[in-house]
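Secondary and tertiary structure notes
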Amino acid sequence: MDRQLGAADSVAASTFSEVVVDVQPSFNADVHSRLRHSRNSINSSASAADNKKGRWENLVLAYKTLGVVFGGLVTSPLYVYPSMPLKSPTEDDYLGIYSIMFWTLTLIGVVKYASIALKADDQGEGGTFALYSLLSRKMDIGFFSAKNLDSNSIFHEGAENKSRLGKFFEKSILARRILLFIAMLGMCMLIGDGILTPAISVLSAMDGIRAPFPSVSKSLVEALSAIVLIVLFLLQKFGTSRVSFLFSPIMGAWTFSTPLVGIYSIIHHYPGIFKALSPHYTFHFFWRKGKEGWLLLGGTVLCITGSEALFADLGHFNRSSIQMAFLFTIYPSLVLTYAGQTAYLIRHPNDHEDGFYKFIPKSVYWPIFIIATLAAIVASQSLISATFSVIKQSVVLDYFPRVKVVHTSSNKEGEVYSPEVNYILMILCVAVILIFGEGKDIGNAFGVVVSLVMLITTILLTLVMIVIWRTPSLLVALYFLVFFTMEGVYVSAVFTKIPEGGWIPFAISFFLAFIMFGWFNGRQKKIEYELTHKIDLERLGTLLSDPGVQRVPGLCFFYTNIHQDGLTPILGHYIKNMRSLHKVTVFTTLRYLLVPRVAPEERIIVRKLGLKGVYGCVIQYGYADTLNLEGNDFVNQVTDCLREHIEKYLDCLPSNPVDIQEEISALEEAKLSDVIHVRGKTRFYIGKNCKRFDRIMLAFYEVLHSNCRSALPALSVPLSQRIEVGMLYEA
């Protein structure tokens, strides 16, 4: 289903709240009651489905993850050793490097990501921004904190029993901004990863053609790599499921063939390689090499590239399938492949410049080359999918300009594709290959991205442990000390590579962060204005009581985003200038839920708002629902619900039956007279009193806003029934 996501679609940070809170608490309670019922039934059905899931189904999912989640990680042997600036390496050097890689894979891959991070999902989504979303709701620190929602909201999590750290973040604006900056940096770096992984993976694999054919130029290899990537990005529109079904056999062949070559190399070259699994060799390496050993970490860190995709791609699969695939196939495959490479290099110490293809036996060189090339193409998929996921998360939370997000599966909410993001990634990937074709420069840039994303995830996971999980302090301290120290050392090493290509991800991240901050700042100003100038029911009653305001015949659906206890200021602007309001006006809010489909009886929720001819309506829809308001079906559904509600209202409260009948007749008469759909369109008026910084940022926001997708989903409303009301918000 093709659906446009925007601020209006956010569940965690929804501005499409209830139509009224204070005046009609029963409506508020009814909406929340139905939402709780909907979510409980969803959770119970999901739980029952999970219980019914057999081992076979998880095995099938685990097999599919090979083609999407682990491509970047399992193909890292292609470029790890070539990225290291080794000088006359010895046997002890190689044993130390292998020991570092083994413990990096074990601690970061197995312990941190597979065992801990996968449990910190936000409604099934993973990644740094999902962690930030989780913390935002728990600590009331997000863009749309729980304070701006109704106190009864089901999205207001953990208002009581907050930790001291949570209270500190609520009180300190500086701490909140630092946390937001860290989350934004993590997201931007992950997108940078999505640009660099395809570039370095495909380029490293295609470079293997130069070994048997030295006459092949570097430029030709770069051109072939660019063509391969263009084809890969054009396949994205078919969705993760179809792509993974196509790619998984390739990654399966790679995952199982490279460790077999590794075992052969171990037996043939250095059977005692596994003695390096002892941490003694790691400490001995740093003791001997000192600063040189520390600098080599800039290449060693690439052995864990793609590990963040293991977490960020969670929305495309499930925790069990990812853990199963990693622990029983990917991890053993990498341990054996790196062992085989290292065993070969111990006997041929100067072949590290081409540390992968040189260790392949000649008899299987071409089959492995073909598998390696195909696997490198597939490797790009993991970070491309992860990029789609984090963009979708940030758009839903309104931290990124609205782009088109297409749900490519009717069963999995997290399986998404964004055409705009896809083509931008394609252009940037090809540009990186053609401009920075030297593998070491891209490797240096890659190392910066990998280490920073891991460090940011560690910081956010630590906060989740303290604030949400309430993990014992000793365990939190142990986790933070081990991983922050380890990843901090890696970050310090890769920072020395900034002049040698490491600046690339910073340039990309700075550009993306500027866009995110510009959008965030503009949206925040907009919300502040709307909260200050909101129209409550008392104010609406005063406006309608003005003799100059006419109630014209017809039925009006007024689409509005609500804040706390009032309606959008566009309503007041509309009434003051049009000097009218339709006799029957339904303030309509579209609520997007993180479920495939909303049950028909829970799709439309209506209520009287206490003023004559004024009603509230919440339309709930899931990501697989078709939201089509064309024709009379939608109008008939809403009016039928209103009639049913008015009749129930008669049963519940002492009312005059004649008045009730008149109200129903007025509703039918309005529907037959005319139907119109009204929505607002706002811009900022940047006055002379506005500060220079605000002038620049709001002007930038207006550029973004005028070029992004609409906040409302595509509503297929006939043009003859559509009205847009423009309003300038004074900055």
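Residues numbered from 1 in each chain as written. Predicted model: local features only at pLDDT ≥ 70, side-chain atom pairs only at ≥ 80, totals over all residues. Heavy atoms only, no water.

**Describing the overall build of the chain**
We apply this condition: Helix numbering and strand numbering both begin at the N terminus, where a helix is a DSSP run of H or I of at least 4 residues and a strand a DSSP run of E of at least 2. Partly exposed residues are those whose accessible area sits between 20% and 50% of the maximum for their type, while under 20% is buried and over 50% is exposed, using a 1.4 Å probe and protein chains only. By the convention used here, residues are in contact when the closest approach between their heavy atoms is within 4.5 Å.
The helix and strand tally for the chain stands at 24 helices and 9 strands. The buried share of the chain, reckoned over its 731 residues, is 59%. Long-range pairs, those at least 24 residues apart, make up 84% of the contacts in the chain between residues at least 6 apart in sequence.

**Observations regarding helix H7 (residues 173-206)**
Basically, it comes down to this: A helix's residues, less one, multiplied by 1.5 Å, set its expected span. Bend angle per residue: angle between axes fitted to the 7 residues ending at that residue and the 7 residues starting there.
Here H7 is 34 residues long and its end C-alpha atoms lie 49 Å apart, about the 50 Å a rise of 1.5 Å per residue gives. Its axis deflected by about 25° at Leu-196, H7 carries its strongest bend there, up to four residues before the proline Pro-198.

**What to know about the pairing of strand E2 (residues 404-407)**
What counts here: Whether two strands pair depends on DSSP finding at least two bridges between them.
Taking every second residue as pointing to the same face, both faces of E2 are buried, with Lys-404 and Val-406 on one and Val-405 and His-407 on the other. With 2 bridges connecting them, E2 and strand E3 (residues 416-417) associate as antiparallel partners. Residue pairing across strands places His-407 opposite Val-416, the latter belonging to E3.

**Focus on the pattern of salt bridges**
To keep it simple, the criterion reads: When a carboxyl oxygen of Asp or Glu lies within 4 Å of a side-chain nitrogen of Lys or Arg, that pair is called a salt bridge.
According to the stated counting rule, one finds 15 salt bridges in the structure shown. Of the charged contacts, one joins Arg-319 and Asp-121 as a salt bridge, the two residues approaching to 3.7 Å between their closest N and O atoms. With a gap of 198 residues between them, Arg-319 in helix H13 (residues 319-347) and Asp-121 in the loop between helix H4 (91-116) and helix H5 (128-139) connect regions that are remote in the sequence. On the basis of relative accessibility, which here comes to 34%, the residue Arg-319 falls in the partly exposed class. Here Asp-121 falls in the partly exposed class, since its relative accessible area comes to 23%. The partner of Asp-207 in a salt bridge is Lys-218, and the shortest N-O contact between them spans 3.4 Å. Separated by 11 residues along the polypeptide, Asp-207 in the loop between H7 and helix H8 (218-234) and Lys-218 in helix H8 bring together distant segments of the chain. The partly exposed category is assigned to Lys-218, whose relative accessible area is 26%. Via salt bridges that share partners, Asp-93, Arg-288, Lys-289 and Glu-292 belong to a single interconnected network.

**Some points on the pairing of strand E4 (residues 550-559)**
In terms of strand pairing, E4 meets strand E5 (residues 580-592) through 8 bridges, oriented parallel. Note that in E5 the partner of Gln-550 across the bridge is Ser-580. Taken together, the 4 bridges between E4 and strand E8 (residues 675-685) define a ladder with parallel strand orientation. In the strand pairing of E8, Cys-556 is matched with Ile-676.

**A closer look at the confidence of the model for the chain**
Put simply, the rule is: What pLDDT conveys is the predictor's confidence in a given residue, as a value from 0 to 100.
On average, residues of the chain score 80 in pLDDT, and 82% of them reach the 70 mark or higher. Looking across the chain, the model is least confident in strand E1 (residues 2-4), with a mean pLDDT of 38, and most confident in H4, with 95. Scored below 50 in pLDDT, residues 1-29 shows 113 contacts in the model against residues more than four places distant or in partner chains. Predicted confidence for residues 38-53 stays below pLDDT 50, and this span has 8 contacts to residues more than four positions away or in other chains.

**Focus on the environment of Val-430**
With respect to the secondary-structure elements, Val-430 resides in helix H15 (residues 419-435). The exposure class of Val-430 is buried, given its relative accessible area of 15%. A sequence separation of 231 residues divides Val-430 from Ala-199, and the C-alpha atoms of the two residues are 7.3 Å apart.

**Quick look at the packing of aromatic side chains**
Where two aromatic rings form a pair, the distance of their centres and the angle of their planes describe that pair. Applied cut-off: Stacked, tilted and edge-to-face are the three classes applied to pairs of Phe, Tyr and Trp rings, where Trp contributes its six-membered ring and a pair requires centres within 6.5 Å; stacked means planes under 30 degrees apart, edge-to-face means over 60, and tilted covers the rest.
Applying the stated criterion across every chain yields a total of 26 aromatic pairs. Measuring from centroid to centroid gives 5.7 Å for Tyr-132 and Tyr-399, while their planes differ by 85°, and the two rings are edge-to-face. Taken together, the residues Tyr-132 in helix H5 and Tyr-399 in the loop between helix H14 (365-396) and E2 connect sequence positions 267 residues apart. Ring geometry for Phe-558 versus Tyr-574: centroids 5.6 Å apart, planes at 80°, classification edge-to-face. Of this pair, Phe-558 sits in strand E4 while Tyr-574 sits in helix H20 (residues 569-578), and the two are 16 residues apart along the sequence. Cluster of aromatic residues (ring-pair linked, three or more members): Trp-254, Phe-356, Tyr-357, Phe-359, Tyr-365, Trp-366 and Phe-369.

**Some remarks on a nonpolar patch on the surface**
Applied cut-off: Candidate patch residues must exceed 30% relative accessible area and have no salt bridge, after which like charges are joined if within 9 Å and Val, Leu, Ile, Met, Phe, Trp or Tyr side chains if within 5 Å. Here the Shrake-Rupley method, with its probe set to 1.4 Å, supplies the accessible areas, and only the displayed protein chains count as covering residues.
On the surface, Leu-220, Leu-224, Ile-227 and Val-231 cluster together into a nonpolar patch covering about 330 Å² of accessible area. The residue Leu-224 is located in helix H8 in this model. Exposure remark for Leu-224: the relative accessible area of 30% places this residue in the partly exposed category.

**Some thoughts on the sheet that holds E8**
Applied cut-off: Note on method: axes are straight lines fitted to C-alpha atoms, helices fitted across the in-contact stretch only, with angles between N-to-C directions ranging 0 to 180 degrees.
Judged by pairing direction, the sheet is mixed, and its 6 strands sit side by side in the order E6-E7-E5-E4-E8-E9 without closing on themselves. Both outer strands of the open sheet, strand E6 (604-608) and strand E9 (722-730), are each paired with one neighbouring strand and no more. Strand-to-strand twist in this sheet, taken as the mean axis angle between neighbours without regard to direction, amounts to 25°. For E6 and strand E7 (residues 614-621), the ladder comprises 5 bridges, and the chain directions are antiparallel. When the sheet's bridge partners are listed, Lys-608 is paired in E7 with Tyr-615. Contacting E8 and E9, helix H18 (residues 503-532) runs over the sheet at an angle of about 95° to E9.

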